[in-house]
Amino acid sequence: MARQQPPPWVHAALLLCLLSLSGAIEIPMDLSQPPTITKQSVKDHIVDPRDNILIECEAKGNPAPSFHWTRNSRFFNIAKDPRVSMRRRSGTLVIDFRSGGRPEEYEGEYQCFARNKFGTALSNRIRLQVSKSPLWPKENLDPVVVQEGAPLTLQCNPPPGLPSPVIFWMSSSMEPITQDKRVSQGHNGDLYFSNVMLQDMQTDYSCNARFHFTHTIQQKNAFTLKVLTNNPYNDSSLRNHPDMYSARGVAERTPSFMYPQGTASSQMVLRGMDLLLECIASGVPTPDIAWYKKGGDLPSDKAKFENFNKALRITNVSEEDSGEYFCLASNKMGSIRHTISVRVKAAPYWLDEPKNLILAPGEDGRLVCRANGNPKPTVQWMVNGEPLQSAPPNPNREVAGDTIIFRDTQISSRAVYQCNTSNEHGYLLANAFVSVLDVPPRMLSPRNQLIRVILYNRTRLDCPFFGSPIPTLRWFKNGQGSNLDGGNYHVYENGSLEIKMIRKEDQGIYTCVATNILGKAENQVRLEVKDPTRIYRMPEDQVVKRGTTVQLECRVKHDPSLKLTVSWLKDDEPLYIGNRMKKEDDSLTIFGVAERDQGSYTCIASTELDQDLAKAHLTVLGRPDRPRDLELTDLAERSVRLTWIPGDDNNSPITDYVVQFEEDQFQPGVWHDHSKFPGSVNSAVLQLSPYVNYQFRVIAINEVGSSHPSLPSERYRTSGAPPESNPTDVKGEGTRKNNMEITWTPMNATSAFGPNLRYIVKWRRRETRETWNNVTVWGSRHVVGQTPVYVPYEIRVQAENDFGKGPEPETVIGYSGEDLPSAPRRFRVRQPNLETINLEWDHPEHPNGILIGYTLKYVAFNGTKLGKQIVENFSPNQTKFTMQRADPVSRYRFTLSARTQVGSGEAVTEESPAPPNEAYTNNQADIATQGWFIGLMCAIALLVLILLIVCFIKRSRGGKYPVREKKDVPLGPEDPKEEDGSFDYSDEDNKPLQGSQTSLDGTIKQQESDDSLVDYGEGGEGQFNEDGSFIGQYTVKKDKEETEGNESSEATSPVNAIYSLA
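Quick look at the structure, then. This one's a predicted model, so the numbers in the text were calculated from it and none came from an experiment. (Residues numbered from 1 in each chain as written. Predicted model: local features only at pLDDT ≥ 70, side-chain atom pairs only at ≥ 80, totals over all residues. Heavy atoms only, no water.)

1. Remarks on the overall build of the protein chain
For step 1, the next point in the chain: Within the protein chain, the secondary structure is distributed over 7 helices and 81 strands.
For step 2, the next point in the chain: Scored against the burial criterion, the 1062 residues of the protein chain give a buried share of 44%.
For step 3, the next point in the chain: Put simply, of all contacts in the protein chain between residues at least 6 apart along the chain, 64% involve residues at least 24 apart.
For step 4, the next point in the chain: Approximately 56,900 Å² of the protein chain is accessible, and the part contributed by carbon and sulfur atoms is 49%. (Helix = DSSP H or I, 4+ residues; strand = E, 2+ residues; numbered from the N terminus. Buried < 20%, exposed > 50% of the residue type's maximum accessible area, 1.4 Å probe, protein only. Contact = heavy atoms within 4.5 Å. Areas by Shrake-Rupley, 256 points an atom, 1.4 Å probe, with all protein chains shown as cover.)

Structure (structure tokens):
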């Protein structure tokens, strides 16, 4: 921000200082001199009757003056009145009423006289008046009957007070009367209605007078209005009607003046006072007032409009403001004009006020008393309080109208002269003494003063002196002989030296010398020049959001020999540095900026010699103030117009308005958003639903945030109708396996459309074509019982109120409750190799609901040893799973179940196939070490040996059975096996084995023997019962599938066991 200019009072003070420099020289108080009045009360002195009365009068002189008073031009003997006293060393009167008495007894015109042996000085004539606040006379006021649209004046007629009371209108309940261009108070205190409306009956009207000194308010009995109308319904919607009067049946009329009456009037005003012109007009519609001056423009610098343009005020009137003014009252029916002739008069005012005259014996001089006024004032001279005509003659004195000339003055001419100039509008009184002295020059200030000044400033070096005759004064610098006057220097009459612009070279010692015929006197002043104080980095205007932190910089350069002080003002008042503020040498920081922090901030950098100012404006963006004065108009069956007055936007433009509503039937006290409008509007038409008792409020939004909601509007209820919609989100879901719960989202107040909102609920099984079941429900749910497990239903929910049913509802499909599913079908476990196991299954035959997945639990085991159980969850669409084996030896047990929302159903269990070496390993670990097994094996070996012997014998003898040729087909290193991991131990032709033995890897190798016991079997492989008995069969003609399904290998059959032992 730019550096701030010095305030106006600085220039005014400088002007007064310069004027004082050119004024008359004062006589030192140690020298003889006539009295001079220094303080006095105002001419019109109004006092409070509850206080003691003070009439001031103070004066100086040598010797000290004595005082006396006149009252109503007669000597006022203070000593005779015990209530009256005079202050010591002063002429001020004190009238004390603590012991009783009436202040009114002392009203009158007082004048003070201050006297010593050299003359008498007079105060103004002081008119003492006691303030009065009389009571309002009691009166009974009949109701004022008036036709709607007619003009009306309610007269106040306050009791006369001193000073005049302040008038204002209120209701009897002390509510202010709202004023506008239709209804307003005149300058005389009366209340004017340009036209009366029916709404004016809603209150009464009482005139109130507030008295200044007593601080009391008196209230007149209230007026009540009775308005006669053609339209008795006071419809609020008509207040903002574009043609309100015709809508109410009020006839339109051309304007006419209620005050002042007629077409012309005149007014007189005194110079220097305020001129107030007033025009109040009636008419329908309410007229507008405009002001003009004949032959010229209104003085824009002094004129302002008041009271809704009904009054024109011109301040500090001068003679050029006289002339003809006229006001123009107009409405659409026509216009009228009233002319006011203004005459400006003037009480006396000074052109040349007489000043004290100091002369040496034998000198000449003059006193001048010039004043002007309208009419022209007369001038009267007095000496020592007496008319000059009655004073002793003085040959050295000559009176010439407004001037007294003194020649060859002698000491006997010493006196105090009074000039009284007056006309019918007032008077002026001035005292000026003539003092005759013979005094050599003398200095009146301390010697050898030090004056410090700022570079480039204007400065003044004072050298007060006195002498008679008046000495001449000269200034010198650093002892130089040339007189300092002219150019950059100027010497004033009182001896002060002004240096117009200080430079560095002006620093030094200055000497002033006063000389008259009686001698001379001198004094010295030392001048030091200092660098100016300057703010080189000024605070800048900022716009911030509420709650943020802002820093205002103020960096200063100053003379180091001077002490610097930095202070801050806010809105030109000293800034209080609170907890949220931090003041440093070069900045001011405000934390958590609030709305109250907005304003102008002035940094003042000052030393004892000078100062510099810089100002910046802080704008705080805040949330808008709440909208106010909500009004409903244009009331219709399904719409209403809402109008509001925007609140202050707090420096951030309002972007949106949100209109909310509340209804008192379904959710009383709960506000809902109705609609949103741009921030540029303050009126909107709202679409409404049937049978809702609406109440509205408005929220304003700007960039910072949302305002507080406005106060709610009045309520408005719409009429009812059948529902136009049905509830939404209709569902049918089972909470148990034998029920179905039908739910929906209930309709709100704006969709109910009528009282007693209820719901017709219908349901039936899908695709059965059975009749609809129905029930009427008041809530938002209904439970259907005794339903089959998880079957579909058709559902309908229809709204109904006392005005009728809603539209036909849509059909929604729901389901009854779910149950546990049956087991998955065809669970298969395959082992394609030693590293993986494949699982496959089919969906359950009876899902009993919506499948949400499958749960697989499996555990590894090796003999009696069990691993950790692992659980896998699958999606409902997954029917395969491949598992990686942890080792090639262990087997796995799998348990699979399906899941619905109810839980997991029946499980199915399968185990993985055993690897070929698993039986051998298990037998080696678990059986081969058992004693009974060893014995059993020995018995079997012996029995086999016997059988072999028998067979050998039979073969030798020749059997009854044919011996077929066996094809020796030794098994290769890779045994044929099925894809599922099972092993087939039959030969390709399903022929009996000639002979085989178990290899080290558990496979069977054919021997050279072409005979085997298994050739004589009739079915499956030989095996032992659990008790060890032989139940073997001697054939291996099992089909491939049976072999695959058998989890045992030949290594566990008795024959293979024998071969293994062999």
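2. So, unusual backbone geometry
Phi is mostly negative for residues that are not glycine, and the peptide bonds are mostly trans.
For step 1, the next point in the chain: Between Asn62 and the following residue, Pro63, the backbone shows a cis peptide bond with an omega angle of 5°.
For step 2, the next point in the chain: Omega for the bond connecting Leu162 with Pro163 falls within 30 degrees of zero, at -5°, which places this linkage in the cis form.
For step 3, the next point in the chain: Residue position: Pro163 is located in the loop between strand S13 (152-154) and strand S14 (166-170).
For step 4, the next point in the chain: In the Ramachandran plot, Asp729 falls in the positive-phi region, its phi being about 60° despite a non-glycine side chain.

3. A look at the pattern of salt bridges
For step 1, the next point in the chain: By the definition in use, this model includes 51 salt bridges.
For step 2, the next point in the chain: In this structure, a network of salt bridges that share partners links the residues Arg537, Glu553, Arg555 and Asp586. (Salt bridge = Lys/Arg side-chain N within 4 Å of Asp/Glu carboxyl O.)

4. Considering the nonpolar core
Nonpolar side chains tend toward joint burial in soluble globular proteins.
For step 1, the next point in the chain: By size, the foremost hydrophobic cluster in this structure holds 52 residues, and its most contacted members are Trp69, Trp475 and Tyr510.
For step 2, the next point in the chain: The element that contributes the greatest number of residues to this core is strand S46 (residues 519-530), accounting for 4 residues.
For step 3, the next point in the chain: By size, the runner-up hydrophobic cluster in this structure holds 21 residues, among which are Val144, Ile167, Trp169 and Ile177. (Core = buried A, V, L, I, M, F, W, Y, C linked by side-chain atoms within 4.5 Å.)

5. Quick notes on the pairing of strand S45 (residues 508-516)
For step 1, the next point in the chain: Of all 9 residues in S45, 7 are buried; the element is thus mostly enclosed.
For step 2, the next point in the chain: Looking at chain direction, strand S42 (residues 472-477) and S45 are connected through 6 bridges and run antiparallel. The residue of S45 that forms the bridge with Leu473 is Ala514.
For step 3, the next point in the chain: Across 9 bridges, S45 lies against S46 in antiparallel orientation. By the bridge assignment, Ile509 is partnered in S46 with Arg526.
For step 4, the next point in the chain: Once S45 ends, the chain turns through 2 residues before running back antiparallel as S46. (Pairing = 2+ DSSP bridges.)

6. Some remarks on the sheet that holds strand S15 (residues 183-185)
For step 1, the next point in the chain: If you walk across this open sheet you meet the 3 strands as S13-S16-S15, and the pairing is antiparallel. Among the strands making up the open sheet, the edge pair consists of S13 and S15. The mean inter-strand angle of the sheet, taken between neighbouring strand axes irrespective of direction, is 20°. (Axes fitted to C-alpha atoms, helices over the stretch in contact; angles between N-to-C directions.)

7. With respect to a nonpolar patch on the surface
For step 1, the next point in the chain: A surface patch of nonpolar side chains, about 650 Å² in accessible area, is lined by Leu942, Leu945, Ile946, Ile949, Val950, Phe952 and Ile953.
For step 2, the next point in the chain: Of the residues examined, Phe952 reaches a relative accessible area of 58% and is grouped as exposed. (Patch = residues over 30% accessible without salt bridge, like charges linked within 9 Å, V, L, I, M, F, W, Y side chains within 5 Å.)

8. With respect to the pairing of strand S51 (residues 565-570)
For step 1, the next point in the chain: As paired strands, S51 and strand S55 (residues 599-606) are joined by 6 bridges and run antiparallel to one another. Directly across from Leu569, in S55, lies its bridge partner Thr602.
For step 2, the next point in the chain: Pairing analysis gives 2 bridges linking S51 to strand S52 (residues 573-574), with the strands arranged antiparallel. Within S52, the position partnered with Lys570 by the bridge is Glu573.
For step 3, the next point in the chain: Remark: 2 residues form the turn of the hairpin made by S51 and S52, two consecutive strands paired antiparallel; Asp571 in that turn has positive phi of roughly 50°.

9. Notes on the sheet that holds strand S34 (residues 397-400)
For step 1, the next point in the chain: Strand order in the open sheet made by the 3 strands is S30-S35-S34, with antiparallel pairing throughout. Of all strands in the sheet, those bounded by a partner on one side alone are strand S30 (365-368) and S34. Pairwise comparison of adjacent strand axes, ignoring direction, gives a mean angle of 15° for this sheet.
For step 2, the next point in the chain: In terms of strand pairing, S30 meets strand S35 (residues 403-406) through 4 bridges, oriented antiparallel. Residue pairing for S35: Val368 is matched across the bridge by Thr403.

10. What to know about the state of the cysteines
For step 1, the next point in the chain: Tallied over the entire structure, the rule returns 6 disulfides.
For step 2, the next point in the chain: Note that Cys463 is cross-linked by a disulfide to Cys512, the S-S spacing being 1.9 Å. Across the disulfide from Cys463 to Cys512, rotation about the S-S bond amounts to roughly 70°, and the bridge is consequently right-handed. Taken together, the positions of Cys463 in the loop between strand S40 (459-461) and strand S41 (465-468) and Cys512 in strand S45 put the pair 49 residues apart, joining distant regions of the chain.
For step 3, the next point in the chain: Owing to a relative accessible area of 0%, Cys512 belongs among the buried residues under this scheme.
For step 4, the next point in the chain: Paired through a disulfide, Cys554 and Cys603 show a sulfur-sulfur distance of 1.8 Å. Linking Cys554 and Cys603, the disulfide has an S-S dihedral of approximately -75° and is accordingly described as left-handed. Here the residue Cys554 occupies a position in the loop between strand S49 (550-553) and strand S50 (555-557), and Cys603 occupies one in strand S55, the gap between them amounting to 49 residues.
For step 5, the next point in the chain: By relative accessible area, which is 1% here, Cys554 ends up buried. (Disulfide = S-S within 2.5 Å.)

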